[in-house]
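Below are the chains, spelled out letter by letter.
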Amino acid sequence: MLLKTNLIQYENDASEIIRAFYESGSEKFLNTVITHNFDGKCNIVYINDKIYAKNSLPENYKKSEDALYIKKIEKRYMKLALYLALSSFFGRELPWGALTGVRPTKLVREIEKEDKDPLDVLINLYKVSPARANLAVQITKNQKNLILENEKIFDLYVGIPFCVSRCNYCTFISEIIGKAKNLVEPYKNTLIKELDAVKKIVSKNGYKIRSVYVGGGTPTSFPAQYLKEILMAIPFKGEEFTVEAGRPDTITEEKLDILKEAEVTRISVNPQTLNDNTLKLIGRSHTADDFFKAYEMAKKYNFIINTDLIAGLTGEDENDFLYSLKNIASLNPDNITLHTLAYKRGSVISLESTKKVLSGVKMADVLLKSGKFLNNQNYNPYYMYRQKYMMDNLENVGYAKKNRECLYNIDIMEETLGIMATGSGAISKRLYYFENRLERLANVKDVREYIKRADASFKKKEIFFKNQ
């Protein structure tokens, strides 16, 4: 397949639309030439020299003094023209139409601020399916009383990038703790120093922390004493305090005692599937029974508990996924997050030979069916995000019981509050509402380099968050 366009600056965005239609081994993509031309008023898309789509941009859009608005309009209508052309060429539509962005609900809020009907815009302009459009609008409504916008309020992220094994779909920058024991104590010491630096930044600038989220890797893969030292060094509790205890084989009563002592309010206990054969195939070092034991152990501590499931795992079909979902729901957890498998670059599952063992189930229908099931169990969708390379161009959705939503999940996905992020690879964000601007500051990814370059990194963070 070859793409030719005279809007080179949007070539990556065009590629996202094309990728959404791509199917491994699809003969229709062989020797296919897609040509896109923009004459300043209209997009025309040819596939193998035949016109498949043509659309006109809004009149006078270039009269705007906002360069970002002009760029947004040009990119939006280019992607739409490509979507219409490919949809006609392949004879099929995508659940999210011409949308390729990570945050559909953020777009819904932008549409509402323009006093337009988001359902009408999503369905008729972006060609989103009615089911997905309604889901995005419903999530936005469910978030309304939980959204907070304030330049002086932040969330705190604490990264512990260590895990007991690597799942075949994972691309997180993390160390296998059994192979990196020599890094554990130096990392712990450096992270505690960075937390102290953040404490000073917050105090000096008069900031406030809304929520704390300790993620990974798997934080509970850390030795109990080191985990305790990190949690006790976190200088803020916020309205919620979450720790990912995602791998059931890392959960012990000793560590749960430590979480409780540190005043943690939320944890994740994530099976991903309740099929033991699948757990082996994806590289998890626990069984479904291990999950149930860990869940019951954690439940005694009265934490708000989230569980994750992934649709589309190696070798699973619709019945396998729904079996896991119904058994998880029978436990009545506070949150259930439904993920769609993504073939992320760098993951084992992104390899062609691995993809071939996946079932051909239509994930779009499975996720809709799962959502309806959870609605009937008194769970409501409250946050959503999408990723590149997801099966069928779909989505991840978090469902929660009433008043059990995770504020951090909403804040990070809707980008309504800044984030002070600590740990290797962690990305801090700062929002400037009146300028409609977001800036990022990334810590060094490699654990060894993070430890080595800590002082310089902390200084950058101090400058980045300086009150202006």
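What counts, and at which threshold
- Residues numbered from 1 in each chain as written.
- Predicted model: local features only at pLDDT ≥ 70, side-chain atom pairs only at ≥ 80, totals over all residues.
- Heavy atoms only, no water.
- Buried < 20%, exposed > 50% of the residue type's maximum accessible area, 1.4 Å probe, protein only.
- Helix = DSSP H or I, 4+ residues; strand = E, 2+ residues; numbered from the N terminus.
- Arc of directions from axis to C-beta.
- Contact = heavy atoms within 4.5 Å.
- Salt bridge = Lys/Arg side-chain N within 4 Å of Asp/Glu carboxyl O.
- Axes fitted to C-alpha atoms, helices over the stretch in contact; angles between N-to-C directions.
- Parallel < 35°, antiparallel > 145°, perpendicular 65-115°, else oblique.
- Left-handed = near helix turned anticlockwise from the far one by under 90°.
- Nonpolar A, V, L, I, M, F, W, Y, C, P; charged D, E, K, R; others polar.
- 1 Å grid on protein atoms, 1.4 Å probe; cavity = no way out; pocket = protein on both sides within 12 Å on 5 of 7 lines; lining within 4 Å.
- Points joined across faces, edges and corners; volume = space filled by probe spheres on them.
- Core = buried A, V, L, I, M, F, W, Y, C linked by side-chain atoms within 4.5 Å.
- Phe/Tyr/Trp six-rings, centres within 6.5 Å; stacked < 30°, edge-to-face > 60°.
- Lys NZ or Arg CZ within 6 Å of the ring centre and 35° of its normal.

Peer 1: Any chance you could explain helix α8 (residues 253-261) here in plain terms?
Peer 2: Helical geometry note: an α-helix holds 3.6 residues per turn, so side chains three or four residues apart project in the same direction. Among all positions in α8, only Lys255, Leu256, Ile258 and Leu259 are buried. The buried residues of α8 occupy one face: seen down the axis, they fall within an arc of 155 degrees. Residues of α8 that are exposed and angled more than 90 degrees away from the buried face: Glu253 and Glu254. Tucked into the core, α8 has its buried residues touching α7 (224-233), β9 (240-244), β10 (266-268) and α10 (288-299). In the segment just after α8, Glu263 is the residue with positive phi, at about 70 degrees.

Peer 1: Got a minute to help me understand the pattern of salt bridges in this structure?
Peer 2: Charged atoms that come close allow side chains of opposite charge to pair. Taken as a whole and assessed by the stated rule, the structure comprises 25 salt bridges. Close ionic contact of Glu435 with Arg437 constitutes a salt bridge, the shortest N to O distance being 2.6 Å.

Peer 1: Quick question: what am I supposed to make of the packing of helix α6 (residues 181-205) against helix α16 (residues 454-464) here?
Peer 2: The interhelical angle for the contact between α6 and α16, taken along N-to-C directions, is 20 degrees, at an axis separation of 10 Å. It follows from the interaxial angle that α6 and α16 lie roughly parallel. Handedness of the α6/α16 crossing: right-handed. Between α6 and α16, the residues in contact are Thr190, Lys193, Glu194, Ala197, Val198, Ile201 and Lys204 and Ala454, Phe458, Lys461 and Glu462, respectively. A class-by-class count of the residues in the contact of α6 with α16 yields five nonpolar, one polar and five charged.

Peer 1: Can you help me understand the layout of surface pockets in this one?
Peer 2: Here the idea is plain: a probe the size of a water molecule rolls over the atoms and shows the empty space left. Within this model, the second largest pocket holds a volume of roughly 350 Å³. Contributing to the lining of the second largest pocket are 17 residues, with Leu146, Lys402, Asn403, Arg404 and Glu405 lying nearest its centre. The class makeup of the residues in the lining of the second largest pocket is four nonpolar, five polar and eight charged.

Peer 1: Sorry, what's going on with the nonpolar core here?
Peer 2: For soluble globular proteins, the rule of thumb is that nonpolar side chains tend to be buried together. With 97 residues, the main nonpolar core has Leu122, Leu156, Phe162, Phe222, Leu231 and Met420 as its most contacted residues. Tallying contributions element by element places α6 first for this core, with nine residues. Discounting residues that sit within four places of it in the chain, Met420 has contacts with Phe154, Asp155, Leu156, Tyr157, Val198, Ile201, Val202, Tyr207, Ile209, Ser428 and Phe465.

Peer 1: Got a minute to help me understand the packing of aromatic side chains in this structure?
Peer 2: One pair of aromatic rings is described through two measures. These are the centre distance and the angle between the planes. Applying the stated criterion across every chain yields a total of 18 aromatic pairs. For the pair Phe89 and Phe90, a centre-to-centre distance of 5.2 Å together with 85 degrees between the ring planes defines the contact as edge-to-face. For Phe89, a relative accessible area of 13% translates into the label buried. Between Tyr157 and Tyr408, the aromatic rings sit 6.4 Å apart at their centres with planes inclined by 25 degrees, giving stacked as the arrangement. Of this pair, Tyr157 sits in strand β5 (residues 153-159) while Tyr408 is found in helix α14 (residues 407-414), placing the two residues 251 residues apart along the sequence. Aromatic ring contacts, followed pair by pair, group Phe21, Tyr52, Tyr83, Phe89 and Phe90 into a single cluster. Over the aromatic face of Tyr432 sits the side chain of Arg437, whose NZ or CZ is 4.1 Å from the ring centroid.

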